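Understanding the architecture of this molecule
So the chains spell out like this:
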Amino acid sequence: MKFRPLHDRVLLRRVEQENKTAGGIIIPDTAQEKPMEGEILACGNGLRDETGNVVALDVKAGDRVLFTKWAGTEVTIDGEELLVMKESDIVGVIAA
């Protein structure tokens with residue numbers, strides 16, 4: 001299935017975090033929080049300003065980002081759990 005977000009929304013995949021602490025203790029799945037880091041898979045075109053011009057997004061497909069804890073809507077596309085969220089829910093881009 002192809003999916004294209006509209007306006008200022010992005011589609012992203014959560015980045016899996018380590019299930020082990022620095023000290024070597026394994027954290028069970030039930031005690032882990034969902035990661036707040038993800039990779040953008042697709043972006044909308046942007047929002048329109050008051051004059052009708054489209055303002056492009058600051059992020060693009062392939063960017064690795066941090067987002068707020070309760071951001072986005074979980075969707076399942078081709079059996080994979082992904083998130084759709086507004087660009088304003090993204091806190092920042094992680095530089096490589």
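Conventions we followed
- Residues numbered from 1 in each chain as written.
- Predicted model: local features only at pLDDT ≥ 70, side-chain atom pairs only at ≥ 80, totals over all residues.
- Heavy atoms only, no water.
- Helix = DSSP H or I, 4+ residues; strand = E, 2+ residues; numbered from the N terminus.
- Core = buried A, V, L, I, M, F, W, Y, C linked by side-chain atoms within 4.5 Å.
- Buried < 20%, exposed > 50% of the residue type's maximum accessible area, 1.4 Å probe, protein only.
- Contact = heavy atoms within 4.5 Å.
- Salt bridge = Lys/Arg side-chain N within 4 Å of Asp/Glu carboxyl O.
- Pairing = 2+ DSSP bridges.
- Axes fitted to C-alpha atoms, helices over the stretch in contact; angles between N-to-C directions.

Topic: unusual backbone geometry
- Backbone geometry places H7, a non-glycine residue, at a positive phi of 55°.
- Positive phi, normally seen in glycine, also occurs at D78, with a value near 55°.
- In this structure, D78 sits in the loop between β6 (73-77) and β7 (80-86).

Description of the nonpolar core
- V10, L12, I40, L57, V59, V65, F67, A71, L83, M85 and I90 form the largest nonpolar core, which has 11 residues in total.
- When residues of this core are traced back to their parent elements, those giving at least two are β1 (9-14), β5 (64-67) and β7.
- Setting aside residues no more than four positions away along its own chain, V59 makes contact with V10, I40, C43, V65, E87, I90 and V93.

Considerations on the pattern of salt bridges
- Inspection of every chain in the model, using the stated rule, returns 5 salt bridges.
- For R13, the salt bridge goes to E80, with nearest N and O atoms at 2.5 Å. Of this pair, R13 sits in strand β1 while E80 sits in strand β7; the two residues are 67 residues apart in sequence, bridging distant segments of the chain.
- Between D63 and K60 there is a salt bridge, with its nearest N and O atoms 3.0 Å apart.
- On the basis of relative accessible area, D63 is assigned to the buried category, the value being 11%.
- What you see here is one network of salt bridges that share partners, running through R13, E39 and E80.

Here's the deal with the sheet that holds strand β8 (residues 90-94)
- Read from one edge to the other, the open sheet built from 6 strands follows the order β6-β7-β1-β2-β5-β8, with strand pairing classed as antiparallel. Of all the strands in the sheet, just β6 and β8 have a single pairing partner and so form its edges. Between one strand axis and the next, the sheet turns through 45° on average, direction left out of account.
- As paired strands, β5 and β8 are joined by 4 bridges and run antiparallel to one another. Looking across to β8, one finds that R64 is bridged to I94.

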